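Commentary on secondary and tertiary structure
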Amino acid sequence: MNKSLKTALLEQYQVRKSAAEKRAFRAYVAEFCREAGVNCAVEREKGLISSHNIVIGDLSRAQIVFTAHYDTCAVLPFPNLITPLSPFLFLLWQLALVVLLLAPALLAGFALGWVFSGWGKLGFYAVLLALCWQTMFGVSNRHTANDNTSGVAVLLQAVQDMPDALRGRIAIVLFDNEETGLLGSTAFFRRHRDMMQRTPLVNFDCASDGENLLLAVSKNAADLPCLERMQDLFRENVRASGKHPLTPRPGRSIYPSDQMRYPYGIAVAALKQSRRGVYYMDRIHTGRDTVFEESNLDCLVQYIAALAQSEEIQPAANPTKSKASLGFGAILLISVVLGAVIGFLLAMQK
């Protein structure tokens, strides 16, 4: 990893949450790309929350698109535990997060109602609203080495290392607003729908904390002619770096990030392994997100270069008719809504 790039990302631009912080980071990326001799543009997508996606390279010529989200999260007292190969555990933790949000709101409601008769519901809603606001928009996490400074570092290093002859084969997109519901990547898909229904997309998210590197392939991507070659190159590069590759069959892993919006979306992430054999990611969204394992990132930069060099890596001949699945995200949303309803009913009890 280039020392100056690492220093800039970890010491100057590690927090990219407020509008000013994002704007400063985009200016840094523009200058970085100018020095590297690569085109860089910002696509602004208007909405209730505007997104500014950074596009590096020529999308119209790209055979494959590499992505990472550059926005960072609010700090939480508990991690967003992710277990991509154990969906039941992942769903169980998401439900636990709902309980963790509801519990202090209920306690506040009961306490306020006991002290001031009739004020219980106000206390419940006020605390619940404050906790929900903090989760999505609140105080910035000052430590984002893994989520997702690691993914940004991989892509910018790839930009710097890529030979001129290969740059035309790839495009790189840094998505905004992943942490607020995949808004940036959703807007990008709407704008470039025709292209992205044919083109493989590899998303790097949380790649620096763990010895096991995951290639999570969507079910639709099983129809991608070059998928087997992409998996082979992944295994070769990861093993050569001394890491452990995880390449489950398409649709057999769940990784909640921007690639979920794309028919041929593939995620790359780093995982730890428990004593019971469960692969997991922890520390993200907390002040303990400080691990920046450069050997992981160097390995993935080499993987990008290998994909760029391989003539077998091509878009599908025709746009897929399949739609990217956001089903699991819908389940999580239903869980949150259900939890809020349960909390409301409990708060209504006298």
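Above this text you will find the structure in question.
These figures come from a predicted structure and were not determined experimentally. (Residues numbered from 1 in each chain as written. Predicted model: local features only at pLDDT ≥ 70, side-chain atom pairs only at ≥ 80, totals over all residues. Heavy atoms only, no water.)

Concerning the pattern of salt bridges
Under the convention used in this document: Here, a salt bridge means any Lys or Arg side-chain nitrogen found within 4 Å of an Asp or Glu carboxyl oxygen. The helix count covers DSSP runs of H or I at least four residues long, the strand count covers runs of E at least two residues long, and both are numbered beginning at the N terminus. Note on classification: 1.4 Å probe, protein chains only; a residue is buried when its accessible area is under 20% of the maximum for its type, exposed when over 50%, partly exposed between these limits.
Under the criterion given, the structure shown has 12 salt bridges. Where lysine 6 meets glutamate 294, a salt bridge forms, and the shortest distance between an N and an O atom there is 2.5 Å. Of this pair, lysine 6 sits in helix H1 (residues 3-12) while glutamate 294 sits in helix H10 (residues 294-309), and the two are 288 residues apart along the sequence. According to the relative accessible area criterion, lysine 6 is partly exposed, its value standing at 27%. Among the ionic pairs, arginine 34 bridges to glutamate 31, the shortest N-O distance being 2.6 Å. Highlighted residues: arginine 34 and glutamate 31, both in helix H2 (residues 19-36), separated by 3 residues, approximately one helical turn. Residues joined in a network through salt bridges with shared partners are Glu43, Glu45 and Arg191.

Points about the packing of aromatic side chains
Defined as follows: Classification of ring pairs uses Phe, Tyr and Trp, with its six-membered ring standing for Trp, and accepts pairs whose centres are within 6.5 Å; under 30 degrees between planes counts as stacked, over 60 as edge-to-face, and the remaining range as tilted. Two thresholds decide whether a charge sits over a ring: the Lys NZ or Arg CZ must be within 6 Å of the ring centre and within 35 degrees of the ring normal.
What the rule picks out here adds up to 11 aromatic pairs. A centroid spacing of 6.2 Å and a plane angle of 40° characterise the contact between phenylalanine 66 and phenylalanine 204, whose relative ring orientation is tilted. With phenylalanine 66 in strand S3 (residues 64-69) and phenylalanine 204 in strand S5 (residues 201-204), this pair connects stretches of sequence that are 138 residues apart. Summarising the burial analysis for this pair, phenylalanine 66 and phenylalanine 204 share the class buried. Among the aromatic residues, those joined into a cluster by ring pairs are Tyr13, Phe25, Tyr28, Phe32 and Tyr70. Seen from the ring of phenylalanine 25, arginine 16 lies directly overhead, with NZ or CZ sitting 5.3 Å from the centre.

What to know about the pairing of strand S8 (residues 265-273)
How we decide: Here the rule is simple: two strands pair whenever DSSP picks up at least two bridges between them.
Taking burial as the measure, the 9 residues of S8 include 8 buried ones, the bulk of the element. Here S5 runs beside S8; their pairing, made up of 4 bridges, is parallel. Bridging across to S8, leucine 201 finds its partner in glycine 265. Sheet analysis places strand S6 (residues 212-217) next to S8, joined by 6 bridges and oriented antiparallel. Considered in S8, the bridge of leucine 213 is made with alanine 270. Relative to strand S9 (residues 279-280), S8 is paired through 2 bridges, and the arrangement is antiparallel. The partner of glutamine 273 across the bridge, within S9, is tyrosine 279. Here S8 folds back onto S9 in antiparallel fashion, the turn holding 5 residues, of which glycine 277 has a positive phi close to 85°.

Comments concerning the pairing of S6
Short version of the rule: The handedness rule is simple: strands pointing away from the viewer, and a clockwise path from the first strand over the helix to the second, make the crossover right-handed.
Most of S6 is tucked away, with 6 of its 6 residues classed as buried. Here S6 shows two buried faces, one formed by Asn212, Leu214 and Ala216 and the other by Leu213, Leu215 and Val217. Taken together, the 3 bridges between S6 and strand S7 (residues 244-246) define a ladder with parallel strand orientation. Bridge pairing links asparagine 212 to histidine 244 in S7. Each parallel crossover has a hand, and for S6 linked through helix H9 (residues 227-240) to S7 it is right-handed.

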